[in-house]
Amino acid sequence: MLYFDANATTPCAPEVLEAMRPYWNTSFANASSPHRAGRVAAQAVAVARRAVAECLDARPHEIIFTSGATESTNLVFWGLLLAPRTRRHIVVSAIEHKAVLESAALLEEQGFEVTRLPVTPDGVVDLNIAARVITPETALVSVQAANNEIGTIQPILHIARLAHQAGAFFHVDAVQALGKMPVSMLDWECDFASFSAHKIYGPKGIGALFVKGGPMRWPWPRPLRGGGQEGGLRPGTLNVPGIVGFGAACEMLRQRPADILENIATLRDLLEKKMAGIYRDDIIIIGNESLRLPNTLTMVIKNTSAELILSTIKNSILGTSSACMGNSKITSHVLKALGFTDSVGENVIRISFLESTTLDEVSQFANFLQIAIDTARKMR
Ligand code: PLP
């Protein structure tokens with residue numbers, strides 16, 4: 001099977017599985033237990049925390065392990081919601097993942113004002129508008145580093161500075177950025193950032209929240225209550241195998257060949273050129289005029305059902321952009337924010353490459369894709 005849906009999730013790397021193995025049933029003790037076995041588990045967590053921190057250009061105590069980026073993001077918004085006296089304005093981009101958009105909507109229901117920043121037709125936050133809407137009333141700005149659907153990269157540092165000049169906190173959803181572009185908590189000047197292991201060849205159900213300065217610097221009441229794990233920010237028995245897997249995946253990121261992203265971009269560009277060459281005016285490549293993740297290719301194939309392509313393509317997995325609402329398909333909020341019409345979502349295919357994708361696989365996939373597109377067009 002040719003897998004071209006890496007932005008949805010990645011397979012667990014064999015090295016990650018191997019690193020996790022002892023922590024299920026050999027070194028299985030609770031990492032909070034004071035006995036020797038507990039200390040072994042705690043030590044494994046400490047090693048993983050250092051590996052994750054190093055990968056993010058952060059300090060180990062700034063890494064809070066969570067169940068994934070959705071939980072990390074919710075923690076930030078819930079923290080703000082619980083603050084007794086605070087500014088009551090939030091700014092998010094219109095193309096955030098639902099983890100951010102729905103969290104912002106929750107606060108909106110509770111009386112916060114939420115501004116959803118528009119993006120240019122190429123999927124980048126409009127900085128002029130950002131500068132206007134971020135004010136001394138703004139408590140939190142949350143903008144993703146890179147988009148999961150179209151791969152566009154945001155000017156994070158610029159937005160962080162706008163937030164800080166106004167005295168607001170800045171949160172980054174960095175899920176798609178990690179492993180596909182340089183990520184630095186220091187250089188980005190962010191206060192919080194959300195990460196997920198399953199996008200970088202780690203296990204599902206484990207992620208992290210970066211908190212600048214660590215839990216001691218958490219500015220709001222702690223939303224979750226229980227034991228004191230993770231500095232009280234994420235109480236509950238630690239998922240030691242998951243944490244170890246996340247650490248191993250980060251370690252692998254640091255050790256991989258330096259030119260890996262360039263190579264992926266070359267393969268992506270090859271496929272993009274081939275498709276554009278065949279279908280010419282019948283194809284729109286989204287986000288290719290702006291900075292984009294090297295592994296991401298999202299295309300509108302005019303008047304062609306993406307669902308038919310997906311169901312007829314041989315031996316391949318790729319994504320679509322529409323969400324199911326009952327029997328009808330709706331265009332994703334990301335494409336709508338880019339100015340596409342309500343029906344275009346039906347014609348969008350999303351292709352995202354794994355790190356291990358080869359030229360041979362891309363060639364096979366291109367052939368299968370062409371056959372599937374032509375079949376879908378005939379069935380129109
Ligand atoms: N943010 C982005 C940009 C994502 O792509 C995803 C996952 O698809 C998430 C957040 C949610 O991550 P998790 O699955 O760890 O909750």
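Presented here is an overview of the structure given in this document. Quick caveat: nothing in here was measured; it's all calculated off a predicted structure.

What to know about the pairing of strand β4 (residues 113–117)
In this sheet, β4 lies alongside strand β3 (residues 89–93) in parallel orientation, the contact comprising 5 bridges. Directly across from His89, in β4, lies its bridge partner Glu113. In this view, the connection linking β3 to its parallel neighbour β4 by way of helix α5 (residues 98–109) has right-handed handedness.

A short note on the site of the ligand
As a structural note, the neighbourhood of the ligand is formed by Gly68, Ala69, Thr70, His97, Asn148, Asp173, Val175, Gln176, Ser196, His198 and Lys199. Between the ligand and the protein, one listed contact pairs an oxygen atom with a side-chain N or O atom of Thr70 at 2.6 Å. In this structure, an oxygen atom belonging to the ligand sits 2.6 Å away from a side-chain N or O atom of Ser196. Here the ligand loses 85% of its free accessible area of 390 Å² to cover by the protein chains. For the shell around the ligand, a count of residues per class yields 2 nonpolar, 7 polar and 2 charged.

Considerations on unusual backbone geometry
Unlike most non-glycine residues, Asp57 shows phi in positive territory, near 60°. Note on placement: Asp57 falls in the loop between α3 (36–56) and β2 (63–66). Judged by relative accessible area, Asp57 falls into the partly exposed class, the value being 35%.

Comments concerning the side chain of Ser332
With respect to the helices and strands, the residue Ser332 is situated in the loop between β14 (328–330) and α12 (333–337). A distance of 2.8 Å separates a polar atom in the side chain of Ser332 from a polar atom in the side chain of Glu149.

Considering the pattern of salt bridges
When the charged atoms of two side chains lie near each other, side chains of opposite charge can form a pair. Going through the model one piece at a time under the given rule, you end up with 13 salt bridges. A salt bridge links Arg254 to Glu54; the shortest N-O distance between them is 2.9 Å. One end of the pair, Arg254, is in helix α9 (residues 240–255); the other, Glu54, is in helix α3, with 200 residues separating them in the sequence. Residue class for Arg254 comes out partly exposed when judged on its relative accessible area of 39%. Overall, the relative accessible area of 47% leaves Glu54 in the partly exposed class. Among the ionic pairs, Arg59 bridges to Glu62, the shortest N-O distance being 3.2 Å.

Concerning the environment of Ala177
Its location among the elements puts Ala177 in the loop between β6 (169–173) and α8 (185–188). Take Ala177: its relative accessible area is 0%, and that puts it in the buried class. Here the alpha-carbon distance between Ala177 and Thr152, two residues 25 residues apart in the chain, equals 10.0 Å. Once residues within four sequence positions are removed from consideration, Ala177 is found in contact with Ala145, Ala146, Val183 and Trp188.

Rules behind the numbers
Residues numbered from 1 in each chain as written. Predicted model: local features only at pLDDT ≥ 70, side-chain atom pairs only at ≥ 80, totals over all residues. Heavy atoms only, no water. Pairing = 2+ DSSP bridges. Helix = DSSP H or I, 4+ residues; strand = E, 2+ residues; numbered from the N terminus. Right-handed = clockwise from strand over helix to strand, strands pointing away. Near = heavy atom within 4 Å. Polar contact = N/O pair within 3.5 Å; in protein donor to acceptor, adjacent residues only side chain to side chain. Areas by Shrake-Rupley, 256 points an atom, 1.4 Å probe, with all protein chains shown as cover. Nonpolar A, V, L, I, M, F, W, Y, C, P; charged D, E, K, R; others polar. Buried < 20%, exposed > 50% of the residue type's maximum accessible area, 1.4 Å probe, protein only. Salt bridge = Lys/Arg side-chain N within 4 Å of Asp/Glu carboxyl O. Contact = heavy atoms within 4.5 Å.

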